[in-house]
Amino acid sequence: MSNKLKGTLLGLAASLGGVALWILLYVGLGVVAGIAAILMGVLFIIVYSKINPADTSKFKYIIAGVASIVEIVVAELICVAILCAEYNLSLSAALENNEVMAGIAQDVIFGVVFAAIGLGGYIFSKNRKTINTSHKRVKTGTAEEKSADEEVKEDKAE
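None of the values given here were measured: they were computed from a predicted structure.

A.B. asks: Could you give me a rundown of the nonpolar core, with the residues and numbers involved?
C.D. replies: Core analysis: the biggest nonpolar cluster contains 16 residues, and W22, M40, I72 and A75 have the highest contact counts within it. Of all the secondary structure elements, the ones that give two or more residues to this core are α1 (3–29), α2 (34–51), α3 (59–86) and α5 (98–139). By residue number, the principal contributor to this core is α3, which donates five residues. In contact with W22, not counting residues within four places along its chain, are V32, A33, A36, A37, M40, I72, A75, E76, C79, D107 and G111. Counting 10 residues, the second largest nonpolar core, distinct from the first, contains V42, F44, Y61 and Y122.

A.B. asks: Help me get a handle on the packing of aromatic side chains, residues and values and all.
C.D. replies: Across all of its chains, the model carries three aromatic pairs by this definition. A ring pair is formed by F44 and Y48, whose centres lie 5.9 Å apart and whose planes are at 20°; its orientation type is stacked. Of this pair, F44 and Y48 both sit in helix α2, separated by four residues, roughly a single helical turn. Ring plane angle 45° and centroid distance 4.6 Å describe the contact between F110 and F114, whose orientation is recorded as tilted. A residue pair is termed a helical-turn pair when its members lie 3 or 4 positions apart in one helix, as F110 and F114 do in helix α5 at four residues. Judged by its relative accessible area of 33%, F114 is partly exposed. One aromatic cluster is present, built from ring pairs that chain together F44, Y48 and F59. Sitting over the face of the ring of F59, K4 holds its NZ or CZ atom 4.7 Å from the ring centroid.

A.B. asks: Break down the side chain of E76 for me, citing the residues and quoting the values.
C.D. replies: Tracing the backbone shows E76 in helix α3. Here E76 sits buried without a salt bridge, and the closest side chain of opposite charge, K60, lies 29 Å off (N-O distance).

A.B. asks: How would you explain the side chain of T8 if you had to name every residue and give the values?
C.D. replies: Mapped onto the elements, T8 comes out in helix α1. A polar contact of 2.7 Å, which involves the side chain of T8, links it to the backbone oxygen of K4. Among all residues touching T8, those that are not within four sequence positions of it are F44, Y48, F59 and I63.

A.B. asks: Which residues make up α2, and what are the values?
C.D. replies: End to end, α2 covers 27 Å across 18 residues, agreeing with the expected 26 Å (1.5 Å per residue, within 8%). Listing the buried residues of α2 in full gives G34, A36, A37, I38, M40, G41, V42, F44, I45 and Y48.

Calculation criteria
- Residues numbered from 1 in each chain as written.
- Predicted model: local features only at pLDDT ≥ 70, side-chain atom pairs only at ≥ 80, totals over all residues.
- Heavy atoms only, no water.
- Core = buried A, V, L, I, M, F, W, Y, C linked by side-chain atoms within 4.5 Å.
- Buried < 20%, exposed > 50% of the residue type's maximum accessible area, 1.4 Å probe, protein only.
- Helix = DSSP H or I, 4+ residues; strand = E, 2+ residues; numbered from the N terminus.
- Contact = heavy atoms within 4.5 Å.
- Phe/Tyr/Trp six-rings, centres within 6.5 Å; stacked < 30°, edge-to-face > 60°.
- Lys NZ or Arg CZ within 6 Å of the ring centre and 35° of its normal.
- Lys, Arg positive; Asp, Glu negative; His and termini not counted.
- Salt bridge = Lys/Arg side-chain N within 4 Å of Asp/Glu carboxyl O.
- Polar contact = N/O pair within 3.5 Å; in protein donor to acceptor, adjacent residues only side chain to side chain.
- Expected span 1.5 Å × (residues − 1).

Right, dumping it as structure tokens:
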């Protein structure tokens, strides 16, 4: 199995932690937590990056975004199914109700917006660290490199 496939599968498995958190908070407390939506994508990126540290492609970011959207919808539908079972309601009847569908749509949009903000911030901070790290390497040098640079400057001055 290739590292890309292994990283993708393990990343998806890890991001299910965000789905579990979404379900626990939604069913247990009755709240939609944006942090759960953010965790879905960030956990995917972290695990994928651990499996494929040399992969610098945008693949992991695209998959994390798509997976987050799909997982948010699935988590929301699982929550609705649990709540319907809890109150002895028919899931099909609940999904045909316009008010229920409006609530589901609102929760999904809320989750997607938080996931986009969270993933965007996480990706920006990771890329910013990479840029800052490479910039610092250019500025600093060993004492030998500095003395060699000074010798070259002295030779040019003569």
